[in-house]
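Each chain is listed here by its residues.
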Amino acid sequence: MKVAIIMGSDSDLPILRPALETLQDFGIDTEVVIASAHRTPHKVHEFAATAEKRGVKVIIAAAGAAAHLPGVVASFTTLPVIGVPVNSTSLGGLDALLSIVQMPSGIPVATMAINGAKNAAIFAAQIIATGNAALAAKLAAYRQKMAAEVEQKAARAQEKLQAN
């Protein structure tokens, strides 16, 4: 099982790092590519068109500004594509969000929050887990751990309130 992550620029890497770390935590292999929908369109085409042959199950595509990369990737593959809008302009990432979320009918891109790389990784894991019981169990354990952390924080907050 493998998730590919493609970004338009190396400046997007700090935003995508949480996705890489999360996928690694779930034991999912990754491949990372930097390619521009506008400056290296042939590379984007080759990446997307051959992803399935390389064992990729889901693609995470991140881009800022006009954010064409996720849609272009989706146009060259039937694999699920998850778009991550990147805050890279004075518009705070809203330009990228609107560009990614407004895909034409027939070429869907699941769209995360601005800079939402971690959720993209979790969603990719959920997609893969539909056919992988071991990964589904890891996701369930992850959710249980998050719930326990919330309960611990709530208990600490309650103790502080009672102490005052």
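Note that the coordinates shown come from a computational prediction; the quantities given were computed from them, not determined experimentally.

Focus on unusual backbone geometry
Residues other than glycine predominantly adopt negative phi, and peptide bonds predominantly adopt the trans conformation. Backbone geometry at Ala65 places phi at a positive 60 degrees, although glycine is not the residue there. Looking at the element boundaries, Ala65 is found in the loop between β3 (56-64) and α3 (69-75). The phi angle at Asn115 is positive, at roughly 60 degrees, despite the residue not being glycine. In this structure, Asn115 sits in the loop between β5 (110-111) and α5 (117-129).

Some words on the nonpolar core
Val3, Ile5, Leu16, Phe26, Ile28 and Ile60 are the most contacted members of the largest nonpolar core, which has 27 residues in total. At the level of secondary structure, the elements contributing two or more residues to this core comprise β1 (2-7), α1 (13-25), β3, β4 (81-86), α5 and α6 (133-163). The element that contributes the greatest number of residues to this core is α5, accounting for 8 residues. The residues that make up this core include at least three from each of domain 1 (2-131) and domain 2 (133-163). Within the second largest apolar cluster, 22 residues are counted, among which are Phe47, Ile59, Val73 and Val109.

With respect to the UniProt feature "binding site: substrate" (unreviewed entry) in the protein chain
Under the UniProt annotation, the feature "binding site: substrate" (unreviewed entry) is placed at Ser9, Asp12 and Arg39. Looking at the secondary structure, you find Asp12 in the loop between β1 and α1. You can call Asp12 buried: its relative accessible area is 6%. For Asp12, the residues in contact, after removing those within four places along its chain, are Met7, Ala62, Ala63 and Val86. Within the structure, Asp12 has its side chain in polar contact with the backbone nitrogen of Gly8 (distance 3.5 Å). Following the sequence through the fold, Arg39 ends up in the loop between β2 (29-34) and α2 (41-50).

Focus: the domain arrangement of the protein chain
Partitioning the protein chain into domains gives domain 1 (2-131) and domain 2 (133-163). Each of domain 1 and domain 2 has a C-alpha centre, and these two points are 29 Å apart. Each partner contributes to the interface: domain 1 provides 10 residues, whereas domain 2 provides 7 residues. Of the roughly 700 Å² buried between domain 1 and domain 2 on both sides combined, carbon and sulfur atoms contribute 70%. Of all residues in domain 1, the largest losses of buried area upon contact with domain 2 belong to Phe26, Gln126 and Ala129, amounting jointly to 64% of the total for that side. Linking domain 1 to domain 2 there are 0 salt bridges. Applying the counting criterion to the domain 1 and domain 2 interface returns 1 residue pair in polar contact (both at pLDDT 80 or more).

Digging into the environment of Asn87
Structurally, the position occupied by Asn87 is in the loop between β4 and α4 (94-101). As a C-alpha pair, Asn87 and Leu97 span 10 residues in sequence and 8.9 Å in three-dimensional space. Once residues within four sequence positions are removed from consideration, Asn87 is found in contact with Gly92, Gly93, Ile114 and Asn115.

Observations concerning the pairing of β4
With respect to burial, β4 is a largely interior element, 6 of its 6 residues being buried. Direction of pairing for β3 relative to β4: parallel, over a ladder of 6 bridges. Bridged to Ala63 within β4 is Pro85. After leaving β3, the chain enters α3 and then returns to the sheet as β4, a path that is right-handed. Looking at chain direction, β4 and β5 are connected through 2 bridges and run parallel.

What counts and how
- The numbering scheme is per chain: residues are counted from 1 as the chain's sequence reads.
- Residue-level local features of this predicted model are given only where pLDDT is at least 70; pairs of side-chain atoms are given and counted only at 80 or more, and the full residue set underlies all totals for whole chains, interfaces and linings.
- Just so you know, side-chain values use all the structure's heavy atoms and leave hydrogens and water out.
- Secondary structure follows DSSP: runs of H or I at least 4 residues long count as helices, runs of E at least 2 residues long count as strands, and numbering of each begins at the N terminus.
- The nonpolar core is taken to be a set of buried Ala, Val, Leu, Ile, Met, Phe, Trp, Tyr and Cys residues, with the residues joined through side-chain atoms within 4.5 Å.
- Relative accessible area decides the class of each residue, using a 1.4 Å probe on protein chains only: under 20% of the type maximum gives buried, over 50% gives exposed, and in between gives partly exposed.
- An automatic or database domain assignment is the source of the domain bounds shown.
- UniProt positions are given in the numbering used here, feature names are shortened, and annotations may be inferred rather than shown by experiment.
- Here, residues are in contact when the closest pair of their heavy atoms is within 4.5 Å.
- Within 3.5 Å is the distance limit for a polar contact, defined as a pair of N or O atoms, with the added protein rule that one can donate a hydrogen and the other accept it, and that residues adjacent in sequence qualify only through two side-chain atoms.
- Buried area is understood as the total, over both parts, of accessible area removed when two parts are fitted together, assessed with a 1.4 Å probe.
- Here, a salt bridge means any side-chain nitrogen of Lys or Arg that lies within 4 Å of a carboxyl oxygen of Asp or Glu.
- If DSSP finds at least two bridges between two strands, the strands pair.
- Handedness of a crossover is defined as follows: with both strands directed away from the viewer, a clockwise route from the first strand across the helix to the second makes it right-handed.

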